[in-house]
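Coordinate inspection notes
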Amino acid sequence: MKETNTLSVLTLDVTVLTDPFLFACWYEHMPEERQRKTDAFRNDADKRLSLGAGILLQLGLEERGITACQFLESPFGKPLAADAAGNLLPVQFNLSHSGSVVAAVFSDQPVGIDIQTFRSFSDRLIRKVFRPEEIARKPQTASREEENRFYTSLWAAKESVLKQLGSGMLPPLAVALPETPKSPLGLFPEAKDLERLAPLAIDWKIPRYITSCTMDASALSVCCLEPLGSMQPVWIREELLKV
């Protein structure tokens with residue numbers, strides 16, 4: 001019997017970490033690697049995002065019974081969790097941030113996540129990154145604000161696909177987004193992309209699916225190997241961060 005993919009999405013608005021005491025407490029709970037990453041940033045907002053990513057990573061892994069691990073990287077920099085001996089653990093994860101919000105996804109299958117604050121898109125950029133059939137899905141009566149939300153959601157979806165593949169940069173037009181979450185997306189890499197990404201041994205024919213939602217001023221998308229239909233991200237509230 002096929003095992004059901006258990007997928008969870010956590011989100012955190014790191015403005016709660018403007019509290020010096022809360023920031024210091026969680027910083028002390030972080031492994032040295034995360035502390036070094038946080039220290040490397042000069043801007044306080046970036047420090048909070050880095051620490052916030054570490055918090056979600058720790059909470060998500062602990063939820064799956066993983067309290068200690070090391071992090072390795074794929075050939076194109078996608079982080080992977082491994083035990084002390086370097087053996088990969090049975091968990092896949094991915095992180096993203098936009099504005100003051102950090103998002104993390106955890107699964108037992110390769111997964112990607114992206115969050116984007118709603119923004120505007122010029123006509124030139126729209127033609128450059130979206131396929132004609134994707135553009136045609138925009139409601140004809142959409143207001144400017146609705147149009148921004150529409151294209152931002154498409155962009156987050158494409159980014160989540162690239163992160164699921166662990167491929168770094170792939171031309172946006174190589175990703176054909178489906179009309180519904182139950183339909184698999186399409187991938188059309190060029191010959192030069194296939195050659196560049198050969199070290200990843202990507203199976204381009206495996207069905208991949210997109211699930212998206214909106215969160216206040218952001219669009220959130222997850223790409224995984226099973227259709228989810230819907231997604232309910234878990235907001236980590238300030239009271240849950242008390243240590």
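Residues numbered from 1 in each chain as written. Predicted model: local features only at pLDDT ≥ 70, side-chain atom pairs only at ≥ 80, totals over all residues. Heavy atoms only, no water.

The next subject is the packing of aromatic side chains. Aromatic rings considered in pairs are described by the distance between their centres and by the relative angle of their planes. Tallied over the entire structure, the rule returns seven aromatic pairs. The interplanar angle of 55° and the centroid separation of 5.8 Å between the aromatic rings of Phe121 and Phe130 together place this pair among those described as tilted. Given a relative accessible area of 3%, Phe121 falls into the buried group. Measuring from ring centre to ring centre gives 5.3 Å for Phe130 and Tyr151, while their planes differ by 20°; the resulting arrangement is stacked. Taken together, the positions of Phe130 in the loop between helix 4 (123-129) and helix 5 (132-135) and Tyr151 in helix 6 (residues 144-165) put the pair 21 residues apart, joining distant regions of the chain. In textbook terms, an aromatic cluster arises when at least three aromatic residues are bridged by ring pairs, as seen for Phe121, Phe130, Phe150 and Tyr151. For the cation-ring pair, Arg119 lies above Phe121, with the distance from its terminal atom to the ring centre recorded as 4.2 Å. (Phe/Tyr/Trp six-rings, centres within 6.5 Å; stacked < 30°, edge-to-face > 60°. Buried < 20%, exposed > 50% of the residue type's maximum accessible area, 1.4 Å probe, protein only. Helix = DSSP H or I, 4+ residues; strand = E, 2+ residues; numbered from the N terminus. Lys NZ or Arg CZ within 6 Å of the ring centre and 35° of its normal.)

The biggest cluster of nonpolar side chains holds 26 residues, and the ones touching the most others in it are Leu12, Leu17, Ile55 and Leu241. Every element with two or more residues in this core is listed here: strand 1 (8-13), helix 1 (20-29), helix 3 (44-63) and strand 5 (101-107). For this core, the element with the most residues is helix 3, which contributes seven residues. Not counting chain neighbours up to four residues away, the residues in contact with Leu12 comprise Gly52, Ile55, Leu56, Ser100, Val101, Val102, Trp235, Ile236 and Leu241. By size, the runner-up hydrophobic cluster in this structure holds 23 residues, among which are Phe130, Trp155, Leu165 and Leu197. (Core = buried A, V, L, I, M, F, W, Y, C linked by side-chain atoms within 4.5 Å. Contact = heavy atoms within 4.5 Å.)

The next subject is the environment of Ser74. Within the secondary structure, Ser74 sits in the loop between strand 2 (70-73) and strand 3 (79-82). Separated by 93 residues in sequence, Ser74 and Ser167 have C-alpha atoms that sit 9.2 Å apart.

Our focus in this paragraph is the layout of surface pockets. Roughly 830 Å³ of internal volume is contained in the largest pocket. Arg34, Lys37, Ala53, Leu57 and Leu95 are, among the 30 residues lining the largest pocket, the residues nearest its centre. Contributing elements (two or more residues each) for the lining of the largest pocket: helix 2 (32-39), helix 3, strand 2 and strand 4 (92-98). Tallying contributions element by element places helix 3 first for the lining of the largest pocket, with nine residues. Of the residues contributing to the lining of the largest pocket, the split by class is 15 nonpolar, eight polar and seven charged. (1 Å grid on protein atoms, 1.4 Å probe; cavity = no way out; pocket = protein on both sides within 12 Å on 5 of 7 lines; lining within 4 Å. Points joined across faces, edges and corners; volume = space filled by probe spheres on them. Nonpolar A, V, L, I, M, F, W, Y, C, P; charged D, E, K, R; others polar.)

Note that all results are geometric; they support no functional claim without further evidence.
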